[in-house]
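Analysis of the macromolecular model
Single-letter residue listing:
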Amino acid sequence: MALLKILRYPDPKLHTVAAKVTEVDDRLRRLIDDMLETMYEAEGVGLAATQVDVHLRLIVMDTSEARDKPLVLINPEILSRSAEMHIGDEGCLSVPTIYDDVERHARVTVRALDRHGQSFDLDAEGLTSVCVQHEMDHLIGKVFVEYLSPLKRERIRTKMLKKTRDEQVRGR
């Protein structure tokens with residue numbers, strides 16, 4: 001397994017729309033394992049392939065308390081959304097140290113393929129529902145900061161660009 005580089009906002013590659021996975025094979029399963037390792041190392045609860053510059057409809061996540069229940073969603077589709085909405089504090093591995101309130105559906109039902117190519121449905125609520133919606137946004141090239149006001153977005157963009165420049169100066 002290998003740690004992958006996570007793209008940082010405002011990298012334009014984060015706005016790439018992901019393509020449908022056409023074959024679930026060993027190459028894809030290696031990518032899944034690398035993404036899981038990267039997500040756990042970065043202390044995240046979800047990671048979309050788009051965030052590691054692989055533009056396929058693939059998400060890994062683990063919202064369990066013990067961080068021992070990895071979930072793989074290949075070609076996920078939302079089948080239903082609750083009318084009830086929830087506003088919660090969100091962050092993103094591509095926008096480190098930034099958190100803000102985002103409104104999401106309280107519950108969603110998703111159909112996807114697992115790491116073996118088997119179809120399954122997932123009824124998600126709470127953090128799992130938020131994570132699914134957040135990561136599926138990445139697959140259509142949307143980053144959570146796009147739900148925020150233009151002023152907040154611009155401040156975050158400026159902060160992320162400065163952070164990247166500072167790290168480059170320090171040789172990271």
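Residues numbered from 1 in each chain as written. Predicted model: local features only at pLDDT ≥ 70, side-chain atom pairs only at ≥ 80, totals over all residues. Heavy atoms only, no water.

**Some thoughts on the environment of P96**
The condition that has to hold: Starting at the N terminus, helices and strands are each numbered in turn, a helix being any DSSP run of H or I of at least four residues and a strand any DSSP run of E of at least two.
The topology assignment puts P96 in strand β5 (residues 95-105). The spacing of P96 and Q118 is 22 residues in sequence and 33 Å in space, taken between C-alpha atoms.

**Remarks on the pairing of strand β6 (residues 107-113)**
As a reminder, the rule being used: A pair of strands is treated as paired once DSSP finds two or more bridges between them.
Direction of pairing for strand β3 (residues 71-81) relative to β6: antiparallel, over a ladder of 5 bridges. Along β6, the bridge assignment pairs E77 with R111. Pairing of β6 with strand β7 (residues 119-125), which is carried by 7 bridges, proceeds in the antiparallel orientation. Bridged to V110 within β7 is L122. Here β6 folds back onto β7 in antiparallel fashion, the turn holding 5 residues, of which G117 has a positive phi close to 85 degrees.

**Examining the packing of aromatic side chains**
Aromatic rings considered in pairs are described by the distance between their centres and by the relative angle of their planes. Note the following rule: Any Phe, Tyr or Trp ring, taking Trp's six-membered ring, that has another such ring centre within 6.5 Å forms a pair; planes under 30 degrees apart are called stacked, those over 60 apart edge-to-face, and the others tilted. Two conditions define a charge located above a ring, namely a distance within 6 Å from the ring centre to NZ of Lys or CZ of Arg, and an angle within 35 degrees of the ring normal.
Taken as a whole and judged by the stated rule, the model has 0 aromatic pairs. Between the NZ or CZ atom of K142 and the centre of the ring of Y147, over which it lies, the distance is 4.0 Å.

**Comments concerning the sheet that holds strand β2 (residues 58-61)**
Adjacent strands of a sheet form backbone hydrogen bonds with each other and so pair up, either parallel or antiparallel. Rule in force here: Whenever a helix is involved, its axis is fitted only over the stretch in contact; in every case the axis is a line through C-alpha atoms, and angles between N-to-C directions fall within 0 to 180 degrees. Here a residue-residue contact requires only that any non-hydrogen atoms of the pair lie within 4.5 Å.
Across the sheet, which stays open at both edges, the 5 strands sit in the order β1-β2-β3-β6-β7 with antiparallel pairing between neighbours. Lying at the two open borders of the sheet, with one neighbouring strand each, are β1 (46-48) and β7. Averaged over all neighbouring strand pairs, the angle between strand axes comes to 40 degrees, with direction disregarded. Packing against the sheet, helix α2 (residues 126-139) makes contact with β1, β2, β3, β6 and β7, and its axis sits at approximately 120 degrees to β7.

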